[in-house]
Amino acid sequence: MAQASGGAARPVLEVEGITKAFPGVVANDDVSLTLNQGEIHCLLGENGAGKSTLVNMVFGLYRPDQGTIKVRGEEVHFEDSGDAIARGIGMVHQHFQLIPVFTVAENIILGNEVTKGAFLDLDSARRQIDSLAERYGLAVDPDATVGDLSVGEQQRVELVKALFRDADILILDEPTAVLTPGEVDDFFGVVESLTGQGKSIIFITHKLREVLAVADRITVLRAGQVVGTATAEGATQQSLANLMVGRDVVFRVDKAEADPGAPVLRTQDLRVADDRGVETVTGFDVEVRAGEIFGIAGVEGNGQRELVEAICGMRPTAGGRVEMLGQETTDWSPRKINELGVAHVPENRSKHGVVAQYTIADNLVLNRYHHRKFSQRGVRNTAAINAEAQELVEQFDVRTPGVDAVIDTLSGGNQQKVIVARELTGDLKALVVAQPTRGLDVGSIEFIHRKIIELRDRGVAVLLVSAELDEILSLSDRIGVLYRGRLAGTVNAADATREELGLLMATGSSGGQR
Amino acid sequence: MNGARNANAGVGRAASQIHRVLTEAWRLQPLYVSLYAILLSFVVGGVLISIIGVNPFTAYWALLRGMVGGGDEIAGSVARSVPFIGSALALAFAFRAGLFNIGAEGQLLAGGITAAYVGALSWMSDLPGFVAIPLILIAGTMGGAIWGGIPGVLRTKTGAHEVISTIMLNSLVLFGVRWMVNSRDPVVLRDTESTVPRTDPISDTAVLPELVDSQPVLHVGLFALVGICFVVAFVLKRTTFGFEVGTVGLNPHASHYAGINVNRVIVASMAASGAFAGLAAASEISGTNGFFQPGTFFLMGFDGIAIALLARTNPVAIIAAALLWGSMLSGAPLMQQEADVSIDVVRIIQAMVLLFVAADAIVRYLFRVRELDQSPFKATSIEGAV
Ligand SMILES: Nc1ncnc2c1ncn2[C@@H]1O[C@H](COP(=O)(O)OP(=O)(O)OP(=O)(O)O)[C@@H](O)[C@H]1O
Ligand SMILES: [Mg+2]
């Protein structure tokens, strides 16, 4: 992008020798980083490497134990994020901070209210929002209610919110983790127009392809330390991955031919409504057999969430039936379905997957705290729970100071590993996984993919829902495309091509016939 | 502005000194805010007292002697505190399940009237005490549990918010018992021989043994309510049911996903909450009053809210908070007698305690208690419960 055009690069942000420790972990250890005017600087690193911690300090949310931060050459000591905003720093967090019941305009001006006398001056705010939107190609409707927006739209709102406060240093913490491929393209368009107009950006992502596409410079963190810096030219996905993880990463998953057995999970003409009562699953038929991975591809919002929730008992069906292991399980409770040996990795990690205030150990037994192993005569066996947790933490390589750490203190990726660890153990017959590797680093993705395949090879029927086409292609044995709530087509993974799937996802038919 | 800052810094320094003692010597971290809120309220109360022209130290000295000045005073204070334990538990338990039960006031009445009715049944006098006493306590507990359970059922079946429905149920039972006890035509539960409206006296066999003949009487109900606090602490911290309650309270979506029957937990928690209030009422009817009068439990449920919040809904801390609350009320008359400071001043101080506990930002600012010190996340694992 904006290669040091002509004159010397002018640093707008200099982080020098920053160290930050939390109880039991050094999250940042003598980290230095420079962000130049008009540059996109990518921050890479494994889950828990300390990326969010670093940018949180730049944004005034944490205070460094040691080291200095300079903005435009001037040393700063932020008390809170208000100070950082005053210096022209804006941040879009890994988890959005919008208020769902407010409109876009209200959310944007929140904390920075434009007033006319005692009243909010929403009109002038609206005008400013529109002009920002136009300038940077960020289409948002100021009057829409945030709760009704897609994730991609909410993200644009977060960006406008930062720009509304005159930010010219933007920190984007994993902005693309939750976007659909189309939205990612739009997003990069916006990012380019931002840097084109002199904004500087720190961009955190786990997707190496994106890094190579947009980064001017790359800084790689491992276990809190800077282990390398690179420019996009000199780097490859493989070299970056190896630098991050500290060993050779295998991108292509090796798996043997599937050996499918009897049907385990079957739906017939399944229909499910979403929260507003609109039927988004409109007659879905599938049969997943033991020992195979059935991947469901599709643009998000085509009924994936409702489908998964209905199969797992979390959402009532509106019609049709679900069968598992030869029994009809339509509208069974989540517990009954789980006790059949059906595990579920939920799409929404913070809403369903974890209890944020609980420890790692309690989260690891969230759905089996009542089993005889962990509870005798109604009394919890803390020793057994901790022992199990200890084992799972080691087995799944969750990076944490201990199983009694509150799960909210873990990095996003490590929280996901806790969920996966919980769901992928036990005597499983079927596994329903939604977006299992969202927000995970390459090493962890490799690991979780291997685990899923291991389960398949042990005869578990796997239903995989993912917005990542690569993930679907590399894991699945058969692939179905979900389009407007039903299967638009099923193909064998061996014969599937990205193009064919892309066409099915976009139009619901594979061309040829109209 | 600057002057104010300096003065504030001085207060701040003294405050952080206190803070150090409390953290390092006494390890009371989770309860800082409450302790400081009490301190602050007494300081503000002292200012109020001096404004009305009384030396606050004289007044507080009288109050203190009224609270714990001698054996009788102590016993009276404890006796006054006992029912508060139950009404505070009623809020605290539901709170753990994410429910705001402000219906203890009504649950006390429901429990009290049931206990009084059962206690006065003619065949009660034929029973031995070790049968009659548990019976009257169980009756009151059941009465409270049903009255608490109703809002739980309404919440799960119709989505009616428990704050609204408990308020409605408070009024319903308040006017209901008033009518039942007042009415002469027809006679419902009124003792027709009495000149004041009250129910028939309970059977002698159903009277809880007395510990100290103080004012009010200190009776064995103390052990029941203190015991329940430890039971509740154990249930919340160590049992699977407690785990379910805490999980539902912190994240009902994740609870549903994890297979917990959220509706069942909501109804059970509300019923349990009501049961604690009902038990407190029954033990008062049986141990102190011997009959039911409308107005006996006036404000006791609402005081329970304040006490529970002061104790940060920790069941064991509730014992201490209830003792403080009850003894302040019990000591106030001596302050009025000796220092001529109205009993209402104690009520004002208590109201301020609640205010400071609820608006804890004030306390955190004054005493430099940082919530965001190292970890911005509050540990609310059930292990942190006690
Ligand atoms: N508030 C906190 N209290 C205790 N430990 C914390 C806290 N915040 C972060 N940590 C720890 O610091 C380390 C770095 O976490 P951080 O969130 O910065 O990782 P990250 O690089 O952003 O990872 P991810 O890619 O998974 O988001 C982790 O080990 C994490 O457990
Ligand atoms: Mg992060």
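Cut-off values and rules
Residues numbered from 1 in each chain as written. Chains lettered and ligands numbered in written order. Predicted model: local features only at pLDDT ≥ 70, side-chain atom pairs only at ≥ 80, totals over all residues. Heavy atoms only, no water. Helix = DSSP H or I, 4+ residues; strand = E, 2+ residues; numbered from the N terminus. Buried < 20%, exposed > 50% of the residue type's maximum accessible area, 1.4 Å probe, protein only. Contact = heavy atoms within 4.5 Å. Rg over C-alpha atoms; globule rule 2.2 N^0.38 Å. Areas by Shrake-Rupley, 256 points an atom, 1.4 Å probe, with all protein chains shown as cover. Expected span 1.5 Å × (residues − 1). Arc of directions from axis to C-beta. Pairing = 2+ DSSP bridges. Axes fitted to C-alpha atoms, helices over the stretch in contact; angles between N-to-C directions. Phe/Tyr/Trp six-rings, centres within 6.5 Å; stacked < 30°, edge-to-face > 60°. Core = buried A, V, L, I, M, F, W, Y, C linked by side-chain atoms within 4.5 Å. Domains from an automatic or database assignment. Patch = residues over 30% accessible without salt bridge, like charges linked within 9 Å, V, L, I, M, F, W, Y side chains within 5 Å. Salt bridge = Lys/Arg side-chain N within 4 Å of Asp/Glu carboxyl O. Lys, Arg positive; Asp, Glu negative; His and termini not counted. Charge placed at Lys NZ, Arg CZ, Asp CG, Glu CD. Near = heavy atom within 4 Å. Polar contact = N/O pair within 3.5 Å; in protein donor to acceptor, adjacent residues only side chain to side chain. Buried area = accessible area lost by both parts, 1.4 Å probe. Nonpolar A, V, L, I, M, F, W, Y, C, P; charged D, E, K, R; others polar. Parallel < 35°, antiparallel > 145°, perpendicular 65-115°, else oblique. Left-handed = near helix turned anticlockwise from the far one by under 90°. pLDDT = per-residue confidence, 0-100.

> Run through the overall build of chain B, naming residues and quoting values.
Summing up its helical and strand segments, chain B has 15 helices and two strands in all. When burial is assessed residue by residue, chain B has 50% of its 386 residues classed as buried. For chain B, long-range pairs separated by at least 24 residues make up 72% of all intrachain contacts whose partners lie at least 6 apart in sequence.

> Quick one: what's the story with the overall build of chain A, residue by residue and with numbers?
Helix and strand counts for chain A stand at 17 helices and 24 strands. For a compact globule of 514 residues, the expected C-alpha radius of gyration is about 24 Å, and chain A comes in at 24 Å, within 12% of that figure. For chain A, the spread of C-alpha atoms along the three principal axes comes to 70 × 55 × 50 Å. Each of the 514 residues in chain A was classed as buried or not, and the buried ones make up 56%. Partitioning the contacts of chain A with sequence separation of at least 6, the portion at a separation of at least 24 is 68%. With the model as given, the accessible surface of chain A reaches about 21000 Å², and the carbon-plus-sulfur share is 48%.

> Describe helix H3 (residues 56-68) of chain B, and please don't skip the residues or the numbers.
Residues and elements named next belong to chain B. With 13 residues, H3 should cover 18 Å at 1.5 Å per step; its first-to-last C-alpha distance of 18 Å lies within 8% of that length. All of the buried residues along H3 are Pro56, Ala59, Tyr60, Ala62, Leu63, Gly66 and Met67. Taken end-on, H3 shows its buried residues confined to a sector of 160°, consistent with a single buried face. Set apart from the buried face of H3 by more than 90 degrees, the exposed residues are Phe57 and Trp61.

> Describe the sheet that holds strand S14 (residues 279-289) of chain A, listing the residues and the values that go with them.
All names here are of chain A. Read across the sheet, four strands follow the order S14-S13-S16-S17 without closing on themselves; strand pairing throughout is antiparallel. Of all the strands in the sheet, just S14 and strand S17 (327-328) have a single pairing partner and so form its edges. Pairing of strand S13 (residues 263-273) with strand S16 (residues 319-324), which is carried by five bridges, proceeds in the antiparallel orientation. Looking across to S16, one finds that Arg266 is bridged to Glu323. Strands in contact with helix H9 (residues 304-311) are S13, S14 and S16; relative to S13, the strand with the most contacts, it is inclined by about 125°.

> Talk me through the packing of aromatic side chains; I want residue IDs and the actual numbers.
Residues and elements named next belong to chain B. This structure, assessed with the given rule, holds 12 aromatic pairs over all chains. Consider the rings of Phe93 and Phe276, whose centres lie 5.7 Å apart with planes at 75°: the pair is edge-to-face. Linking Phe93 in helix H4 (residues 71-96) with Phe276 in helix H11 (residues 262-289), this pair joins segments that are 183 residues apart in sequence. In this structure Phe276 comes out as buried when scored by relative accessible area, which is 12%.

> I'd love a proper account of the nonpolar core, names of residues and values included.
Nonpolar side chains in soluble globular proteins generally cluster together in the buried interior. Membership of the largest hydrophobic core comes to 163 residues, with the highest contact counts inside it found for Leu431 and Ile479 of chain A together with Phe292 of chain B. Among the elements that take part in this core, H4 of chain B stands out by supplying 13 residues, more than any other. Of the domains in this structure, domain 2 (258-341 + 428-514) and domain 3 (350-426) of chain A are the two that each give at least three residues to this core. When near neighbours in sequence (up to four residues on either side) are disregarded, Leu431 of chain A contacts Ala343, Leu424, Leu455, Val460, Ala461, Val462 and Leu463 of chain A.

> Let's hear about the environment of Asp362 of chain A: which residues, and what values?
Residues and elements named next belong to chain A. Take Asp362: it is sitting in helix H12 (residues 360-364). Take Asp362: its relative accessible area is 3%, and that puts it in the buried class. Between the alpha carbons of Asp362 and Ile385 there is a distance of 7.6 Å; along the sequence they are 23 residues apart.

> Describe a negative patch on the surface, naming the residues involved and giving the relevant values.
Where like charges cluster on the molecular surface, the negative patch consists of Asp72, Glu73, Glu210 and Asp213 of chain B. Mapped onto the elements, Asp213 of chain B comes out in the loop between strand S1 (210-212) and strand S2 (218-219).

> Quick rundown of the site of ligand 1? Include the residues and the values.
The environment of ligand 1 is made up of 22 residues, and the closest members are Gly48, Lys51, Ser52, Thr53 and Gly413 of chain A. Taken together, the residues near ligand 1 originate from chains A and B. The separation between an oxygen atom of ligand 1 and a polar side-chain atom of Asn47 of chain A is 2.9 Å. Measuring from an oxygen atom of ligand 1, one finds a side-chain N or O atom of Glu174 of chain A at 3.3 Å. Out of a free accessible area of 630 Å², ligand 1 has 94% covered by protein chains.

> Describe the interface of chain A and chain B, and please don't skip the residues or the numbers.
Residue-level contacts link 34 residues of chain A with 29 residues of chain B. In this assembly, chain A packs against chain B so that about 2700 Å² is buried in total across both faces, 59% of it on carbon and sulfur atoms. In this assembly, chain A and chain B are joined by zero salt bridges. Sorting the residues of the side of chain A that touches chain B by element identifies strand S1 (11-22), helix H10 (334-339), helix H11 (349-353), strand S20 (379-380) and helix H14 (412-423) of chain A as the ones contributing at least two each. The element best represented in the side of chain A that touches chain B is H11 of chain A, accounting for three residues. By residue class, the composition of the side of chain A that touches chain B is 14 nonpolar, 12 polar and eight charged.

> Summarise the packing of H4 of chain B against helix H8 (residues 221-238) of chain B; cite the residues concerned and give the values.
All names here are of chain B. Packing of H4 against H8 brings their axes to within 9 Å, and their N-to-C directions diverge by 20°. Judged by the inter-axis angle, H4 sits roughly parallel to H8. Relative to H8, the crossing made by H4 is left-handed. Of the residues in H8, those touching H4 at Val78, Val82, Ile85, Gly86, Leu89, Phe93 and Arg96 are Gly221, Leu222, Leu225, Val226, Ile228, Cys229, Val232 and Leu236. Among the residues forming the contact of H4 with H8, the class breakdown is 12 nonpolar, two polar and one charged.

> I'd like to hear about the pattern of salt bridges, residue by residue, with values.
Any two side chains of opposite charge can pair, on the condition that their charged atoms come close. Residue and element names in this part refer to chain A. Following the criterion strictly, the structure yields 39 salt bridges over all chains and no others. A salt bridge links Glu446 to Arg247; its shortest N-O distance comes to 3.4 Å. Remark: Arg247 occurs in the loop between helix H8 (237-245) and S13 and Glu446 occurs in helix H15 (residues 442-457); sequence separation between them is 199 residues. In this structure, a network of salt bridges that share partners links the residues Arg266, Glu287, Arg321, Glu323 and Glu328.

> Account for the side chain of Asn251 of chain B, with residues named and values stated.
Residue position: Asn251 of chain B is located in the loop between helix H9 (240-250) and helix H10 (252-257). Overall, the relative accessible area of 9% leaves Asn251 of chain B in the buried class. In this structure the side chain of Asn251 of chain B is engaged in a polar contact, spanning 3.5 Å, whose partner is the backbone oxygen of Ser350 of chain A. Only 3.1 Å separates the side chain of Asn251 of chain B from the backbone nitrogen of His253 of chain B, close enough to count as a polar contact. Asn251 of chain B has contacts with Ser350, Lys351, Val354 and Val355 of chain A, leaving out every residue within four places of it along the chain.

> Provide a residue-level description of the side chain of Asp477 of chain A, including the pertinent values.
All names here are of chain A. Assignment of secondary structure puts Asp477 in the loop between helix H16 (469-475) and strand S23 (478-483). For Asp477, the side chain forms a polar contact with the side chain of Arg456, separated by 2.8 Å. Once residues lying within four places of it in the same chain are set aside, the contact partners of Asp477 are Lys255, Ala258, Gly291, Glu292, Ile293, Arg456, Asn492 and Ala493.

> Lay out the confidence of the model for chain A in plain terms, naming residues and giving numbers.
In the predicted model, chain A carries a mean pLDDT of 89, and 96% of its residues have values of at least 70. Predicted confidence for residues 1-7 of chain A stays below pLDDT 50, and this span has nine contacts to residues more than four positions away or in other chains.

> Outline a nonpolar patch on the surface, supporting the account with residue identities and numerical values.
Residue and element names in this part refer to chain B. Together, Val43, Val44, Val47, Leu48, Ile51 and Ile348 give the surface a local cluster of nonpolar side chains, amounting to about 500 Å² of exposed area. Among the elements that make up the nonpolar patch, the one with the highest residue count is helix H2 (residues 32-51) (five residues). On the basis of relative accessible area, Val44 is assigned to the partly exposed category, the value being 30%.

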